[in-house]
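The lines below spell out each chain.
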Amino acid sequence: MNLSSPRRTARATAAAVALALTGLVAATAPSSAATPAAALAVPDIPVANVKAHLTQLQSIATANGGNRAHGRPGYKASVDYLKAKLDAAGFTTSVTTFTSSGATGYNLIADWPGGDPNQILMAGAHLDSVSSGPGINDNGSGSAAVLETALAVSRAQLKPTKHLRFGWWGAEELGLVGSKAYVNSLPTTERSKFSGYLNFDMIGSPNPGYFVYDDDPAIEKTFKDYYAGLGVPTEIETEGDGRSDHANFKNVGIPVGGLFTGASRTKTSAQAQKWGGTAGTAFDRCYHSSCDTTANINDTALDRNSDAIAHAIWTLGTGPTVPPGDVHENTTDVAVPDNGAPVTSSVTVSGRTGNAPAALKVGVDIKHTWRGDLVVDLLAPDGTAYRLKSSSSSDSADNVIATYTVDASSEPANGSWKLRVQDIAAQDTGYIDSWKLTF
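1. What about the overall build of the chain?
In step 1: If you tally the helices and strands in the chain, you get nine helices and 17 strands.
In step 2: The C-alpha radius of gyration of the chain comes to 22 Å, within 12% of the 22 Å expected for a compact globule of 439 residues.
In step 3: With the principal axes as the frame, the chain shows a C-alpha extent of 65 × 50 × 45 Å.
In step 4: Looking at the chain residue by residue over its 439 residues, the buried ones come to 53%.
In step 5: In the chain, the proportion of contacts linking residues at least 24 apart, taken out of those at least 6 apart, comes to 79%.
In step 6: For the chain, the computed accessible surface area is about 16,700 Å², with 51% contributed by carbon and sulfur atoms.

Okay, structure coming up:
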């Protein structure tokens, strides 16, 4: 996980090396029988298989200077290891490249055949380590668990209703570079096909907490329901909020969610009381250090989170698909004055009966050089304001490209709805590019 500013960029040099592959605990080749998704229970993900992947990543690091960092041979060897497993399991894989600091970076993408191509559910994790260590918890843990979940899809010969895609990102530790390159490569029409992106960065911390991203209510509920079934309390993830690869997906309006077990923050007494472990010490004392090895993993946390990934893939990927809603859009540009009065853009809704839905989707595309200056509201026809985004001095990215969910069930659907935007600080400029309501 990269806990520095998301705008930070850094670079390294590239090389490529191959590593002989070894077998794992369970076979991963596709079976000959296919079973409809509705008839399948969510599988248990064998933690022994996940740990076997971690052993391989440790071996790769050991054989390549002690790390698997961007631009180093250990990273490309890690990509080759995962790709071979996925190819053998029947996935369609691709390795895409990007450049960071003059070095070639690699993202690995794996698509499972079938499912609605207009509704893509993606799970991902960054595969690179920092240069100072092998990166087994950060982020071999997320990478290995996503890999084993993908292989479980193959073993089950799952027939999902949504199209399943898995991804492993390069150069996350240098500023979320690989996932940003991937998201930027997607045309707007492709981005609109994503029903969700699930991110898993550090899910086996040795002194673990159980943290759930709160970015999308439906995805958050999926993970919370799983943990409620185990009787394990969760907390909202804040330590790495916006500091891992999900941020790039969220910034273009794709719903995101994920899991996290903690990094350098200290576990409190209250957290130790409900989760066990040691109060007063870091969730991961080896964060970004040479001791982030296979000895730096809590097996229980890794096991629970691996099973939670499978639960999310089966729950979100095999449920009924939702047809596109009734969309009302305004694509006329509206300038937002720097440190000035609020401006509005309107869409008129007519021909509907009753009230707006409890999950009214508000898609916003505001081009701006410092999004932290912006306050964004949805105004119902009667003038009721629904806050979509508050200003924040720490919100240092540019642009607001997001989809918000508003409970507008008390508002009549028909009428003139407005997007209101105000820039409350000086020195940055922008405009409303477009916005839409989806009923």
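Here the narrative resumes, following the displayed structure.
2. Brief notes about helix α6 (residues 217-230)
In step 1: Compared with the 20 Å implied by 1.5 Å per residue over 14 residues, the 20 Å span of α6 between its first and last C-alpha is a close match.
In step 2: Among the residues of α6, those classed as buried are I219, E220, T222, F223, Y226 and Y227. The arc that holds the buried residues of α6, viewed along the axis, is 160°, so those residues lie on one side. Residues of α6 that are exposed and point more than 90 degrees away from the buried face comprise P217, A228 and G229.
In step 3: Looking at where α6 begins, the residue whose side-chain oxygen comes 3.2 Å from the main-chain nitrogen of A218 is D216.
In step 4: Of the residues flanking the end of α6, it is G231, one or two places downstream, whose phi is positive at about 75°.

3. Some points on the pattern of salt bridges
In step 1: Using the criterion set out here, one finds 15 salt bridges in the structure.
In step 2: K224 is paired through a salt bridge with E220; the nearest N and O atoms lie 2.7 Å apart. With a gap of four residues between them, K224 and E220 both fall in helix α6, about one helical turn apart.
In step 3: A residue is classified by how much of its surface remains accessible, and K224, at 31% relative accessible area, is partly exposed.
In step 4: Each of the salt bridges in this network shares a partner with another, and the network as a whole consists of D365, K367 and D433.

4. What about the nonpolar core?
Side chains of nonpolar character tend, in soluble globular proteins, to be buried together.
In step 1: Ranked by size, the top nonpolar core spans 64 residues in total, and within it L86, F166, W168, L198, F200, F223 and I313 carry the most contacts.
In step 2: Residues contacting L86, with those up to four places away along its chain left out, are F91, T93, L108, A110, L147, A150, L151 and W168.
In step 3: By size, the runner-up hydrophobic cluster in this structure holds 29 residues, among which are V334, L374, W417 and W435.

5. Quick look at the confidence of the model for the chain
In step 1: Predicted confidence across the chain gives a mean pLDDT of 90, with 90% of residues reaching 70 or more.
In step 2: Predicted confidence is poor over residues 5-39, with pLDDT under 50, and the contacts of this stretch with residues over four places away or in other chains come to 90 contacts.

6. Quick notes on the environment of P46
In step 1: Checked against the element boundaries, P46 lands in the segment before α1 (47-63).
In step 2: Between the C-alpha atoms of P46 and Y182, which are 136 residues apart in sequence, the distance is 30 Å.
In step 3: Residues within four places of P46 in sequence aside, it is in contact with E148 and R155.

7. Here we look at the side chain of N296
In step 1: Position of N296 among the secondary structure elements: in the loop between α8 (269-275) and α9 (299-317).
In step 2: A relative accessible area of 3% means that N296 is categorised as buried.
In step 3: Within the structure, the side chain of N296 is placed 3.0 Å from the side chain of D284, a separation counted as a polar contact.
In step 4: Once residues lying within four places of it in the same chain are set aside, the contact partners of N296 are N137, G204, P206, D284, C286 and C291.

8. So, the environment of A69
In step 1: Topologically, A69 is positioned in the loop between α1 and α2 (73-88).
In step 2: Under the relative-accessibility criterion, A69 is labelled buried at 6%.
In step 3: Residues A69 and S129, 60 residues apart in the sequence, show an inter-C-alpha distance of 4.7 Å.
In step 4: Excluding residues within four positions of it along the chain, A69 makes contact with Y75, S129, V130 and S131.

9. Some remarks on the sheet that holds strand β11 (residues 343-349)
Pairing between sheet strands relies on hydrogen bonds along the backbone, with the strands arranged either parallel or antiparallel.
In step 1: Judged by pairing direction, the sheet is antiparallel, and its four strands sit side by side in the order β11-β16-β13-β14 without closing on themselves. Only two strands of the sheet have a single neighbouring strand rather than two, namely β11 and β14 (385-389). The sheet shows a mean angle of 20° between the axes of neighbouring strands, taken without regard to direction.

Conventions we followed
- Residues numbered from 1 in each chain as written.
- Predicted model: local features only at pLDDT ≥ 70, side-chain atom pairs only at ≥ 80, totals over all residues.
- Heavy atoms only, no water.
- Helix = DSSP H or I, 4+ residues; strand = E, 2+ residues; numbered from the N terminus.
- Rg over C-alpha atoms; globule rule 2.2 N^0.38 Å.
- Buried < 20%, exposed > 50% of the residue type's maximum accessible area, 1.4 Å probe, protein only.
- Contact = heavy atoms within 4.5 Å.
- Areas by Shrake-Rupley, 256 points an atom, 1.4 Å probe, with all protein chains shown as cover.
- Expected span 1.5 Å × (residues − 1).
- Arc of directions from axis to C-beta.
- Polar contact = N/O pair within 3.5 Å; in protein donor to acceptor, adjacent residues only side chain to side chain.
- Salt bridge = Lys/Arg side-chain N within 4 Å of Asp/Glu carboxyl O.
- Core = buried A, V, L, I, M, F, W, Y, C linked by side-chain atoms within 4.5 Å.
- pLDDT = per-residue confidence, 0-100.
- Pairing = 2+ DSSP bridges.
- Axes fitted to C-alpha atoms, helices over the stretch in contact; angles between N-to-C directions.

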